[in-house]
Amino acid sequence: MGQEGMGYTSGKAGGGAGALPMSAARARGASPLNTHHRSRKISRTFNNIKITVLCGLVTILVLRGTIGLNLSLPSHPSDADALAGAKAVEDIDRILREIRTDSDPADNDLDAANPINSTALSASEAAAAYAAAVANYALGPKIHDWDDQRRRWLAQNRGFPATAPGGKPRILLVTGSQPGPCDNALGDHYLLKTTKNKIDYCRLHGIEIVHNLAHLDTELAGYWAKLPLLRRLMLSHPEVEWIWWMDSDALFTDMAFELPLERYDDRNLIIHGYQDLLFDKHSWIALNTGSFLFRNTQWSLDLLDAWAPMGPKGFIREEAGKILTAYLKGRPAFEADDQSALIYLLLSQKDKWMDKVFIENSYYLHGFWAGLVDKYEEMMENHHPGLGDERWPFVTHFVGCKPCGSYGDYPVERCLKSMERAFNFADNQVLRLYGFGHKGLESPKIKRIRSQTTRPINDKENLDVKAKMS
């Protein structure tokens, strides 16, 4: 997958309360600072030399003050030594002042994502700079007639229908992870397990899957990386009706449950959440973007265009974070994240978007892990796969666990143990198809749970996948 069409455009869109407008922008990478880039690099080189000399001087002073430069020096410094030390301190201060003076304040910005220093701006200046920066960002060339383009393409390419075998709408499950290895080997191991889990579910339900490792837009890193990816996949796969995003730290834990797509005939965004938390409380956790579905339509492209401008890293994301924290209840002060930005967009432009959004909570399109993983044995005793709700959760999402990173909101041991339980809980449903199961939810070892037969195809339960999982 390439990055064609990514970045800045000459299109303009906006309007509505709280809108995030877009307008003509400079080409990616262009900057008024570039004409002085070479001279600044030379200046910084000389500054580095000065700092090296300064460090050497400080080292000599420290050595002299602790062990002395030779054995004939007295154990206590004389007045002359003290004066010399004071003079040296003055020299150090003078050199540091010269370095600061010689350095251009914009030098560090050459390597930053955005050359605006928000701490040097007043509130009004920061607001104006933010509005201008947001207006300059877009995911790609503005498309206005995607529904017509897609309809014509489907009519001309009958071999790529928008329906899967059986007449169900074609779904593409999309997930992703960082381009490099995890900070620890266990993180890579559990990333493999969560990917295997998604492949199993897709294989059982006739769903296609993409696992992405590439950053298609370097300005939209972290939480935001999904947006350019989703747009690119919509445009590259017109045969797909639904694009389903799922975070890498989420697992399917009901392998028999199927999305009730017939419920969403007139909707374009399906997302887990709660209406009262969204509209009554303006809560920053009213929706969860760890697992959601977009229909492949012009409406979805427009929403992505409206959603993305809060995401570019640096000044824009920092300033947008302040807006989101002030607007959404309970949100801590940190840079803008994709979930808060979507909630803000749907609240501030409710009339424009909400009639095509389905807020789902009748089953667990997103299920918070901490309240589920310790109840799996009880679920297995009293219920069966195919329910998708609190009795047998469809998705268990490990929000706050960072198995691939070096930090998280919960102890690593607890997260890894819980992920092992969730994976084995789901994997038992797959292994049962072949007559096996895990010895325990915390054990990778398996055992045979069904006797072999010489006529396995005549076994009634072989004709019903759900029955075999139960």
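Structural notes, computed from the coordinates. (Residues numbered from 1 in each chain as written. Predicted model: local features only at pLDDT ≥ 70, side-chain atom pairs only at ≥ 80, totals over all residues. Heavy atoms only, no water.)

Our next topic: the overall build of the protein. Each helix and strand counted, the protein has 14 helices and ten strands in total. With 470 residues in all, the protein has 45% of them scored as buried. Pairs at least 24 residues apart make up 73% of the contacts formed inside the protein by residues separated by at least 6 positions. Surface accessibility of the protein: about 24000 Å² in total, with carbon and sulfur atoms responsible for 56%. (Helix = DSSP H or I, 4+ residues; strand = E, 2+ residues; numbered from the N terminus. Buried < 20%, exposed > 50% of the residue type's maximum accessible area, 1.4 Å probe, protein only. Contact = heavy atoms within 4.5 Å. Areas by Shrake-Rupley, 256 points an atom, 1.4 Å probe, with all protein chains shown as cover.)

Quick look at the pattern of salt bridges now. Under the defined criterion, the tally for this structure stands at 21 salt bridges. Among the ionic pairs, Arg 151 bridges to Asp 148, the shortest N-O distance being 2.7 Å. You can see Arg 151 and its partner Asp 148 sitting in helix α4 (residues 146-156), three residues apart, about one turn around the helix. Since its relative accessible area comes to 51%, Arg 151 is described here as exposed. Here Asp 337 and Arg 331 are joined by a salt bridge, their closest N and O atoms 2.8 Å apart. Side by side, Asp 337 and Arg 331 carry an identical accessibility label, which is buried. Overlapping salt bridges bring together Lys 196, Asp 200, Arg 203 and Asp 427 as one network. (Salt bridge = Lys/Arg side-chain N within 4 Å of Asp/Glu carboxyl O.)

Attention now moves to the pairing of strand β3 (residues 242-246). For β3, the buried fraction is high: five of the five residues fall into the buried class. A two-sided burial pattern is seen for β3, the buried positions comprising Trp 242, Trp 244 and Met 246 on one face and Ile 243 and Trp 245 on the other. Direction of pairing for strand β1 (residues 171-176) relative to β3: parallel, over a ladder of four bridges. What sits directly across from Leu 173, in β3, is Trp 244. (Pairing = 2+ DSSP bridges.)

This part takes up the packing of aromatic side chains. Scanning the model with the defined rule gives 22 aromatic pairs in all. Arranged with centres 6.3 Å apart and planes meeting at 85°, the rings of Tyr 201 and Trp 244 form a pair that is edge-to-face. With a gap of 43 residues between them, Tyr 201 in helix α5 (residues 185-205) and Trp 244 in strand β3 connect regions that are remote in the sequence. Relative to Tyr 344, the ring of Tyr 327 has its centre 4.9 Å away and its plane inclined at 80°; by these criteria the two rings are edge-to-face. Within this pair, whereas Tyr 327 is found in helix α9 (residues 315-327), its partner Tyr 344 is found in helix α10 (residues 338-348), the two being separated by 17 residues in sequence. (Phe/Tyr/Trp six-rings, centres within 6.5 Å; stacked < 30°, edge-to-face > 60°.)

For strand β5 (residues 269-273), the tally of buried residues reaches five of five residues, placing the bulk of the element in the interior. Burial along β5 is two-sided: Leu 269, Ile 271 and Gly 273 and Ile 270 and His 272, pointing in opposite directions, are all buried. Alignment of β5 against strand β6 (residues 287-295), held across five bridges, turns out to be antiparallel. The residue of β6 that forms the bridge with Ile 270 is Leu 293. Pairing geometry for β5 and strand β7 (residues 357-360), over four bridges, is parallel. Its bridge partner being in β7, Ile 271 is matched across the sheet by Ile 359.

Right, let's talk about the environment of Tyr 201 for a bit. Overall, Tyr 201 belongs to the buried group, its relative accessible area being 1%. In this structure the C-alpha to C-alpha distance between Tyr 201 and Phe 257, which are 56 residues apart in sequence, comes to 9.5 Å. Ignoring any residue separated from it by four or fewer positions in sequence, one finds Tyr 201 in contact with Ile 207, Trp 244, Phe 252, Asp 254, Met 255, Phe 257, Glu 258, Leu 259 and Phe 394.

On to the nonpolar core. The tendency in soluble globular proteins is for nonpolar side chains to be buried as a group. Counting residues in hydrophobic clusters, the biggest one holds 55 residues, and the most contacted among them are Phe 294 and Trp 307. Considering every element that reaches this core, the biggest residue donor is α10, with seven residues. If we skip the residues at most four places from it in the chain, Phe 294 touches Leu 230, Met 234, Glu 241, Trp 242, Ile 243, Asn 268, Leu 269, Trp 299, Ser 300, Leu 303, Leu 304 and Trp 307. Counting residues in hydrophobic clusters, the runner-up holds 24 residues, among them Tyr 201, Tyr 264, Leu 293 and Phe 394. (Core = buried A, V, L, I, M, F, W, Y, C linked by side-chain atoms within 4.5 Å.)

So, about the side chain of Ser 418. Its place among the elements puts Ser 418 in helix α13 (residues 412-431). When residues no more than four places from it in sequence are discounted, the contact partners of Ser 418 are Trp 369, Val 373 and Phe 398.

Relative orientation of the contacting elements helix α6 (residues 226-236) and helix α8 (residues 298-307) amounts to 160°, with a least axis distance of 10 Å. Between α6 and α8, the angle is such that the two are roughly antiparallel. Of the two possible hands of crossing, α6 and α8 adopt the one that is left-handed. Together, Leu 227, Leu 230, Arg 231, Met 234 and Leu 235 of α6 and Ser 300, Leu 301, Leu 304, Asp 305 and Trp 307 of α8 make up the contact between the two elements. Each residue belonging to the contact of α6 with α8 can be placed in one class, and the counts come to seven nonpolar, one polar and two charged. (Axes fitted to C-alpha atoms, helices over the stretch in contact; angles between N-to-C directions. Parallel < 35°, antiparallel > 145°, perpendicular 65-115°, else oblique. Left-handed = near helix turned anticlockwise from the far one by under 90°. Nonpolar A, V, L, I, M, F, W, Y, C, P; charged D, E, K, R; others polar.)

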